[in-house]
Amino acid sequence: MEKSENKVIIIAEAGVNHNGDLGLARRMVYAAKEAGADYVKFQTAVPELVISTFAPKAEYQKETTGSDQSQLEMCKAIHLPLADYAGLNELCDSVGIGFMSTPFDLVSIDCLAGIGMDYWKIPSGEITNLPYLRKIASKGGRVILSTGMSTLDEVGAAVEVLENGGISRADITLLHCTTQYPTPYDAVNLRAMDALRTLGCGGVGYSDHTVGVEVPVAAVAMGATVIEKHFTLDKNMAGPDHRASLSPDELKTMVAMVRNIERALGSGEKTVADAERPNIEVARKSIVAARDIKRGEVLTEENITVKRPGNGVSPMLWDSVIGTRAVADFAYDELIRL
């Protein structure tokens, strides 16, 4: 799927909110399409290659899924087998929405390379994974890189690895992100997008984990070219990410808001909009007679004034009009002609 009509790419992040159920994953494709997203994105992993048996759960994962399972056990339960992603890609093609999935290990990279995607999506956790970054670079193509938990220097180092591996900076989009689920507003720091722009990549966007839709919409107003947002079919389902995700209706609302802001941003040139041209005559003013004026009478500040409508002599010519003689008789409130 290639972008053409819209400037802002909206990625509906299904992630693992299907809870390992292919049927739910397929339903999420339809829901993302219905909401108007450009892409639906999943997460592809062989959990044993990503997480050691000693890796603890994040606090938000403990809060949402409990402490009985290890992080590895939790992820094994909610990931789809690699063989399922080709079918999801085919479904996306048939529905008319772009397919994307984030690989979390080298085997998953090879799996997705065989499917083919418009973009590689690198998650925040892999930004310091040198072998992973080199593997992505070896596959070529365009990259969207999330930058949660990272300093600008770390992001720059990751970009250099991709660039050295053959990916042009122009083909890399950096997503500002705060890796906390949900993200409190005072931890968002949208202005960090400006810092990311100094790295000279092809674009800057935002991956959102806040509750609600106002922050990603604000990011678009600040120039984000990609928006990524988690969604779920049911926020009450078991799993680590449902609580910080949008419902399908909320996702649809966010997409509509983004499109409205996208249209409202305009070209950046200060010109008269076609929509406001009819109001120039109504809202602006002209020089008019402050009282009845006889032809040949000298025009002064006592016998002329400024009133609507704006289809006569502009008040910006006031100084040029003062001291001239009336070219005709003018009735009270009549537009002065020169």
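Preceding this section is the structure that the text describes.
Below is a short write-up of the structure. (Residues numbered from 1 in each chain as written. Predicted model: local features only at pLDDT ≥ 70, side-chain atom pairs only at ≥ 80, totals over all residues. Heavy atoms only, no water.)

Let's talk about the overall build of the protein chain
Alright, step 1. In terms of regular secondary structure, the protein chain is built from 13 helices and ten strands.
Alright, step 2. Computed over its C-alpha atoms, the radius of gyration of the protein chain comes to 29 Å, more than 25% above the 20 Å expected for a compact globule of 338 residues.
Alright, step 3. With the principal axes as the frame, the protein chain shows a C-alpha extent of 100 × 45 × 40 Å.
Alright, step 4. Buried residues in the protein chain amount to 44% of all 338 residues.
Alright, step 5. In the protein chain, the proportion of contacts linking residues at least 24 apart, taken out of those at least 6 apart, comes to 68%.
Alright, step 6. Total accessible area on the protein chain is roughly 16,400 Å²; 51% of this is exposed by carbon and sulfur atoms. (Helix = DSSP H or I, 4+ residues; strand = E, 2+ residues; numbered from the N terminus. Rg over C-alpha atoms; globule rule 2.2 N^0.38 Å. Buried < 20%, exposed > 50% of the residue type's maximum accessible area, 1.4 Å probe, protein only. Contact = heavy atoms within 4.5 Å. Areas by Shrake-Rupley, 256 points an atom, 1.4 Å probe, with all protein chains shown as cover.)

Here we look at the packing of aromatic side chains
Alright, step 1. Tallying each qualifying case throughout the model produces two aromatic pairs.
Alright, step 2. Ring centres 5.9 Å apart and planes at 80° place the aromatic pair Tyr39 and Tyr119 in the edge-to-face group. Of this pair, Tyr39 sits in strand β2 (residues 39-44) while Tyr119 sits in strand β4 (residues 119-122), and the two are 80 residues apart along the sequence.
Alright, step 3. Judged by relative accessible area, Tyr119 falls into the buried class, the value being 10%.
Alright, step 4. Here the guanidinium or amino end of Arg142 rests over the ring plane of Tyr119, the centre of that ring lying 4.5 Å away. (Phe/Tyr/Trp six-rings, centres within 6.5 Å; stacked < 30°, edge-to-face > 60°. Lys NZ or Arg CZ within 6 Å of the ring centre and 35° of its normal.)

What to know about the packing of helix α1 (residues 22-35) against helix α11 (residues 248-265)
Alright, step 1. Their axes nearest at 8 Å, the elements α1 and α11 cross at an angle of 35°. Considering only the axes of α1 and α11, their crossing is right-handed. Residues Ala31, Ala32, Glu34 and Ala35 of α1 touch α11, and the partners they reach there are Pro248, Leu251, Lys252 and Val255.
Alright, step 2. For the contact of α1 with α11, the residue count by class is six nonpolar, no polar and two charged. (Axes fitted to C-alpha atoms, helices over the stretch in contact; angles between N-to-C directions. Left-handed = near helix turned anticlockwise from the far one by under 90°. Nonpolar A, V, L, I, M, F, W, Y, C, P; charged D, E, K, R; others polar.)

Let's talk about the packing of helix α10 (residues 214-221) against α11
Alright, step 1. Remark: α10 packs on α11, axes separated minimally by 9 Å, with the N-to-C direction vectors making an angle of 20°. Comparing their axes, α11 and α10 come out roughly parallel. By crossing handedness, the relation of α10 to α11 is classed as right-handed. Two secondary-structure elements touch here, α10 through Pro216, Val217, Val220 and Ala221 and α11 through Met254, Met257, Val258, Ile261, Glu262 and Leu265. (Parallel < 35°, antiparallel > 145°, perpendicular 65-115°, else oblique.)

Focus on the pattern of salt bridges
Alright, step 1. Overall, the coordinates contain 17 salt bridges when judged by the stated rule.
Alright, step 2. Notably, a salt bridge pairs Arg259 with Glu262, separated by 3.3 Å at the nearest N-O pair. With Arg259 and Glu262 both in helix α11 and three residues apart, the pair spans about one turn of that helix.
Alright, step 3. Overall, the relative accessible area of 12% leaves Arg259 in the buried class. (Salt bridge = Lys/Arg side-chain N within 4 Å of Asp/Glu carboxyl O.)

Considering unusual backbone geometry
Trans peptide bonds make up most of the peptide bonds, and negative phi angles are found at most residues other than glycine.
Alright, step 1. The omega torsion of the bond from Tyr181 to Pro182 falls at -10°, within 30 degrees of zero and hence cis.
Alright, step 2. Inspection of the secondary structure puts Pro182 in the loop between β6 (172-177) and α9 (192-197).
Alright, step 3. With an omega of 10°, the peptide bond running from Arg308 to Pro309 counts as cis.
Alright, step 4. Along the chain, Pro309 falls in the loop between β10 (304-307) and α13 (318-321).

Observations concerning the sheet that holds strand β8 (residues 226-230)
Alright, step 1. Pairing in this open sheet of eight strands is parallel, and the strands run β3-β2-β1-β8-β7-β6-β5-β4 from one edge to the other. The open sheet has two edge strands with one neighbour each: β3 (98-103) and β4. Across the sheet, the axes of successive neighbouring strands diverge by a mean angle of 25°, strand direction being ignored.
Alright, step 2. Looking at chain direction, β6 and strand β7 (residues 203-208) are connected through five bridges and run parallel. Bridged to Cys177 within β7 is Ser207. (Pairing = 2+ DSSP bridges.)

Quick notes on the environment of Asp292
Alright, step 1. Examined against the element boundaries, Asp292 turns out to sit in the loop between β9 (286-289) and β10.
Alright, step 2. Taking the C-alpha atoms as reference points, Asp292 and Tyr332, separated by 40 residues in sequence, lie 4.7 Å from one another.
Alright, step 3. Ignoring any residue separated from it by four or fewer positions in sequence, one finds Asp292 in contact with Glu297, Phe330, Ala331 and Tyr332.
Alright, step 4. For Asp292, the side chain forms a polar contact with the main-chain nitrogen of Tyr332, separated by 2.8 Å. (Polar contact = N/O pair within 3.5 Å; in protein donor to acceptor, adjacent residues only side chain to side chain.)

A word on the nonpolar core
Alright, step 1. One finds Val29, Val40, Phe42, Val143, Leu162, Leu174 and Phe231 to be the most contacted residues of the largest nonpolar core, which totals 70 residues.
Alright, step 2. Here this core gets six residues from one element, more than from any other, and that element is α1.
Alright, step 3. Membership of the second largest hydrophobic core comes to twelve residues, among which are Ala289, Val313, Ala326 and Ala328. (Core = buried A, V, L, I, M, F, W, Y, C linked by side-chain atoms within 4.5 Å.)

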